[in-house]
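# Analysis of the macromolecular model
Listed below are the residues making up each chain.
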Amino acid sequence: MLELRGVTAGYGQFTALWGVSLRVSAGEAVAVVGPNGAGKTTLMRVISGLVSPREGDLTFEGQSLARLPAHEIVAHGIAHVPEGRRIFPMLTVADNLKMGAFLRSARRGYRDSLERVYTLFPALAERQKQRAGSLSGGEQQMLAIGRALMSRPKIILLDEPSMGLAPVMVLRLFDLIRRVREEGYTILVVEQNVRQILKLVDRAYLLEVGRIKMEGRADELSEQDFVRKAYVGL
Amino acid sequence: MIDPIFIAEAALNGILLGGVMALLALGLNLIFGVLDIVWIAYVELVMLCMYLVYFLVTGYGWPIWLGGLASVAFGAVLGVAVHLLIISPLLNSAAINQFLATGGLLFFLQSFATFLWTTDHRTVRLNLPIIEVAGMFLSFARLIAFVVAILAMIGLYLFLRHTFIGTAIRAVSQDRDAMRLMGANPQRVYVVTSAVGGAMAGLAGALLIIQYSVHPYFGAAFGPLTFMICVLGGLGNMVGAVVAAVIMSEIISVGGVMMSTEMGYVIAFVLFIVMMFARPGGILAKRE
Amino acid sequence: MARLTAAAVLAIIAAAPFLPMGGMRQYALHVLVQIFIWSFIGGAWSLMGRFGLISLGHGAFLGAGAYTTTLLWNFWGLTPWLGVLVAVAGAVVIGLVLGYPCFRFRVVGHYFALVTLAVGEVVRLLVIAERDWTGGSLGVTLKASAGEASLAAIQFADKRVFYYASVVVWLGGLWVWRRVDRSMARSALEAIGEDETAAASVGIHVTRFKLAITVLSAALTAVGGVLYAQYFTYVNPDTLSGIGVSLRIVFAVVLGGMYSLLGPTVGSALTIALSEYLRVLFGLKFIGMAETIYGLVLILCIIFLPAGIYGSLRAAIARRMARRRAAPA
Ligand SMILES: Nc1ncnc2c1ncn2[C@@H]1O[C@H](COP(=O)(O)OP(=O)(O)OP(=O)(O)O)[C@@H](O)[C@H]1O
Ligand SMILES: [Mg+2]
């Protein structure tokens, strides 16, 4: 479904990704893990078009995305929940979700999508009229995910959804992600909570200083000595 | 001693002027809020629109309401043109360059208007009655302008609250990149914003030409006042804009009767400066 | 080498009034005097501008300076030599009253620009409002002193005197600029321009530095205003205060480049030459056309030469050098 081949990208003179190749098949959940500054966020930004790749190929359902601006990539069915959530703090919860359905194709089914998001995240339904900035961290993350679902995507990119959440909230959030998954969405997720995310996904990639160091099935990967020592903390 | 009735009359006129000033300040506020750029030449666009209405009505005999509609459309076109020709290339430039470019536009429009139409003052004469209320004289034109301005602001409010693009305009001003991830082309949102801001200038032009005469330096009187009301109102705060506009217009109107027009402006501007220190977030903002 | 060039340029400047220019001499001197005065004022503005303090209200200082000496002379016969002290004091007070709360309450960026703009307008409107003394928007003429030349009144029929005076003041401005540039304050203020919190964290007293630079800039601008008034012997609120003149100063500085010693001078020379050329070209025929073109040139310069003439030139040279270096490889 999504495929990157030899993608190199960076900011100005600086190169953050070196020849990264990665694939995600339809219905799959895939994780990208790695230390701080490895380039995980950059990878997500390349896929959603916020950073354009210098070299390499980027295809989604057979179509190349490499030269498209971010706002056109969304229309292909790729929703990006950015690092730090980036909800619109001064808008209400309902307006944030409305912006998630900004795409013309999404506007038609706006009511339906809203219904689904509210069923998935009842906490949001209760706070429809509240300013998004006044939500708790966990609720803001739900809102960010809900907003992404509003565009009726085929794949969701989640960048460190657990960032800044209390451990209990992290567990609840992972439960929610699991439910999103069960709804049939394809997921590509970046996480620091390696142990927990490996239980949730089918496959994982290990990214270090801009290069893919390892990849494999999640259960196999978590057995690897190297990963256990460095990331899982066992 | 000035007869209190004159002061009461001035106070009432201040409120009526406040309506139109609020409309203008909101147009500028919208652009400032979304693009983070102050159009120094904003009121010069109003001036052009006033000329348009003047020529359509006195030259071609159009009815004033039709001239007003044309002015709204013309204002929108001007807004888009300013955005595409001047703002868009400078979106990521230093603030000073943005000030200068729109300041250059101010020189350009003022002088070009002088070149085309000389510095004569031109007035649209409508045969509208003067209303007498409790010994005060009020011009009907001002009353109409006030009502139309209020209606337009309600319209703008509904547009920004309830349409997708209106909500997107508010969202872009909070997080441009996140809005790209929603599938909105920021450039398009900017164009729409500039068109709406320009249309408000056009409407304000139509409302002003029925109360004031137009000349190339019209913007010199109303321009700084508009920036100040815009900032005083607080970014994106419509109620704030109305409150700020009414306060400033009151000071100018009443101060003008009690002292002189210039002193009215001086007091209003000094108030602005003081308020910037006391309430940098706008007149209605809570202090942090 | 640089010293030699500077000496040669200074020699030319010193000799200029005596060079053969036929009937053009008076006019050429007139233009040069304006260039030196406005370069000096532009330099004063850039003291603030280069540290991120964008003032759109320098007309306030300019007008305060020019009107103070003019009115003191006209009404009380106070010599401008003393008047200039009062003028500078006035400008410093305005600078403090404006600057202190702005920096204290962190009014920055667009908001600072708009506050300064308001201050400029206030001075302009006060001048108009107090029309009994100031002549209102019609302006006021400096009362002529008796005789051809009066040192006490700083009035001279011979333009050469003003020429040399303006050169001296201009050199003084360059010297101050240099001093500020070299002093300890520089790195500190540049850090402020970049990032205020960072500057504060290394123990720089941000408010005090900004205030010092504002006061200095205001004082110099007032001196420029006095010089202008003495030279033209006529002052008027629209040419000295308000947005118009403030924008012109800024344009000249940005065009020349505000980060180099001679940037404001180059910019002022170019903009004044342009204004003069357009004025002569159109004369009284097409009223408004000269200014129309001025505005257009301004917009085009900002869009196509965003770093100013000097900056853009340097960037272009750097690009060419880089290409040349890349070519053989
Ligand atoms: N906007 C930017 N400009 C320049 N360099 C950047 C920018 N954003 C990120 N970088 C650099 O790119 C590299 C990769 O950053 P990235 O944010 O992709 O890492 P990450 O794996 O997401 O880290 P984290 O776990 O901290 O989120 C880092 O060295 C970072 O300093
Ligand atoms: Mg990251």
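All values derive from a computational prediction rather than experimental measurement.

For chain A, the count of helices and strands is eleven helices and ten strands. Compactness check: chain A gives a C-alpha radius of gyration of 17 Å against a globular reference of 17 Å for 234 residues, within 12% of the reference. If you line up chain A on its principal axes, its C-alpha atoms span 45 × 40 × 30 Å. The buried share among the 234 residues of chain A stands at 56%. Contacts in chain A between residues at least 24 apart in sequence constitute 67% of all its contacts with a sequence separation of at least 6.

Time to look at the site of ligand 1. Residue and element names in this part refer to chain A. Of all residues adjacent to ligand 1, which total 14 residues, the nearest are Gly37, Lys40, Thr41, Thr42 and Glu83. One nitrogen or oxygen atom from the side chain of glutamate 160 is found 3.2 Å from an oxygen atom belonging to ligand 1. Here an oxygen atom of ligand 1 sits 3.1 Å away from a polar atom, N or O, in the side chain of glutamine 192. For ligand 1, whose accessible area on its own is 640 Å², the fraction buried by protein is 62%. The set of elements that each furnish at least two residues to the shell around ligand 1 consists of strand S2 (14–24) and helix H1 (40–48). Ranked by the residues each element gives to the shell around ligand 1, the list is headed by H1, at three residues. Looking at the shell around ligand 1 residue by residue, the class counts come to five nonpolar, six polar and three charged.

So, on to the nonpolar core. Counting 242 residues, the largest nonpolar core has Met99(A), Phe121(A), Met179(B) and Phe272(B) as its most contacted members. Structurally, this core is a two-domain feature, drawing no fewer than three residues from each of domain 1 (2–77 + 154–232) and domain 2 (87–153) of chain A. Discounting residues that sit within four places of it in the chain, Met99(A) has contacts with Phe88(A), Leu91(A), Phe164(B), Thr167(B), Ala168(B), Ala171(B), Met179(B) and Met182(B).

Turning to the environment of Ile78(A), a few remarks are in order. All names here are of chain A. Inspection of the secondary structure assignment puts isoleucine 78 in strand S6 (residues 78–81). Sequence spacing of isoleucine 78 and serine 48 is 30 residues, and the spatial spacing of their C-alpha atoms is 7.0 Å. Filtering out sequence-adjacent residues up to four positions away, isoleucine 78 remains in contact with Ile47, Phe60, Leu65, Ile73, Ile155 and Leu157.

This next bit is on the interface of chain B and chain A. Between chain B and chain A, the contact holds 22 residues from the first and 25 residues from the second. Summed over both partners, the interface of chain B with chain A buries about 2100 Å², with 65% contributed by carbon and sulfur atoms. Among the residues chain B hides against chain A, the three largest losses belong to Phe164(B), Leu181(B) and Met182(B). Together they make up 38% of the total. Where chain B touches chain A, the interface holds two salt bridges. The shortest N-O distance in the salt bridge between Asp95(A) and Arg170(B) comes to 3.1 Å.

Here we come to the arrangement of the chains. Across the two pairs of chains that are in contact, the largest number of contacts falls between chains B and C. A gap remains between chain A and chain C, which never touch, and the nearest two C-alpha atoms on either side lie 15 Å apart.

Turning next to the domain arrangement of chain A. Residue and element names in this part refer to chain A. Partitioning chain A into structural domains gives domain 1 (2–77 + 154–232) and domain 2 (87–153). If you average the C-alpha positions of domain 1 and of domain 2, the two centres end up 23 Å apart. Contact residues are listed per partner, giving 18 residues for domain 1 and 13 residues for domain 2. Across the domain 1 to domain 2 interface the summed buried area is about 1400 Å²; carbon plus sulfur atoms make up 72%. For the pair domain 1 and domain 2, the interface holds zero salt bridges.

Taken together, the contacts link 42 residues of chain B with 46 residues of chain C. Both faces combined, the contact of chain B with chain C buries some 3800 Å², and carbon together with sulfur accounts for 85% of it. Three residues, Leu100(B), Phe107(B) and Phe277(B), lead the burial of chain B against chain C; their summed loss comes to 19% of the area buried on that side. At the boundary of chain B and chain C, one finds one salt bridge. Note that Arg131(C) is salt-bridged to Glu262(B), the shortest N-O span being 3.2 Å. Taken together, the links from chain B to chain C amount to three residue pairs in polar contact (both at pLDDT 80 or more). Elements with a minimum of two residues in the side of chain B that touches chain C: helix H3 (64–87), helix H4 (95–117), helix H9 (218–233) and helix H11 (261–278) of chain B.

Here we come to the confidence of the model for chain C. Residue and element names in this part refer to chain C. Chain-level pLDDT for chain C is 84 on average; 92% of the residues reach the 70-or-more range. Here helix H8 (residues 185–194) is the element of chain C with the lowest mean pLDDT, 59, and helix H3 (residues 58–76) is the one with the highest, 92. Interface confidence for the predicted complex, given as ipTM, is 0.89, next to a pTM of 0.88.

If you trace the backbone, Asp95(A) turns up in helix H3 (residues 93–100). Of the residues examined, Asp95(A) reaches a relative accessible area of 10% and is grouped as buried. Side chain to side chain, Asp95(A) and Arg170(B) meet in a polar contact 3.1 Å long.

According to the stated counting rule, one finds 22 salt bridges over all chains in the structure shown. A salt bridge links Arg124(C) to Glu121(C); its shortest N-O distance comes to 3.1 Å. On the criterion of helical spacing, the pair formed by Arg124(C) and Glu121(C) is a turn pair, its members being three residues apart in helix H5 (residues 109–129). For Arg124(C), a relative accessible area of 13% puts it in the buried group. Via salt bridges that share partners, Glu3(A), Arg5(A), Arg23(A) and Asp57(A) belong to a single interconnected network.

What follows concerns the packing of aromatic side chains. Across all of its chains, the model carries 26 aromatic pairs over all chains by this definition. Relative to Tyr163(C), the ring of Phe36(C) has its centre 5.9 Å away and its plane inclined at 75°; by these criteria the two rings are edge-to-face. Within this pair, whereas Phe36(C) is found in helix H2 (residues 25–49), its partner Tyr163(C) is found in helix H7 (residues 159–182), the two being separated by 127 residues in sequence. Summarising the burial analysis for this pair, Phe36(C) and Tyr163(C) share the class buried. Through a chain of ring-to-ring contacts, the aromatic side chains of Trp38(C), Phe156(C), Phe162(C), Tyr228(C), Tyr231(C) and Phe232(C) assemble into a single cluster. Of note, Lys98(A) hangs over the ring of Phe164(B), and the distance from its end group to the ring centre comes to 5.6 Å. The aromatic ring of Phe88(A) is capped on one face by Arg147(A), whose charged end is 5.0 Å from the ring centroid.

Scoring rules and cut-offs
Residues numbered from 1 in each chain as written. Chains lettered and ligands numbered in written order. Predicted model: local features only at pLDDT ≥ 70, side-chain atom pairs only at ≥ 80, totals over all residues. Heavy atoms only, no water. Helix = DSSP H or I, 4+ residues; strand = E, 2+ residues; numbered from the N terminus. Rg over C-alpha atoms; globule rule 2.2 N^0.38 Å. Buried < 20%, exposed > 50% of the residue type's maximum accessible area, 1.4 Å probe, protein only. Contact = heavy atoms within 4.5 Å. Near = heavy atom within 4 Å. Polar contact = N/O pair within 3.5 Å; in protein donor to acceptor, adjacent residues only side chain to side chain. Areas by Shrake-Rupley, 256 points an atom, 1.4 Å probe, with all protein chains shown as cover. Nonpolar A, V, L, I, M, F, W, Y, C, P; charged D, E, K, R; others polar. Core = buried A, V, L, I, M, F, W, Y, C linked by side-chain atoms within 4.5 Å. Domains from an automatic or database assignment. Buried area = accessible area lost by both parts, 1.4 Å probe. Salt bridge = Lys/Arg side-chain N within 4 Å of Asp/Glu carboxyl O. pLDDT = per-residue confidence, 0-100. Phe/Tyr/Trp six-rings, centres within 6.5 Å; stacked < 30°, edge-to-face > 60°. Lys NZ or Arg CZ within 6 Å of the ring centre and 35° of its normal.

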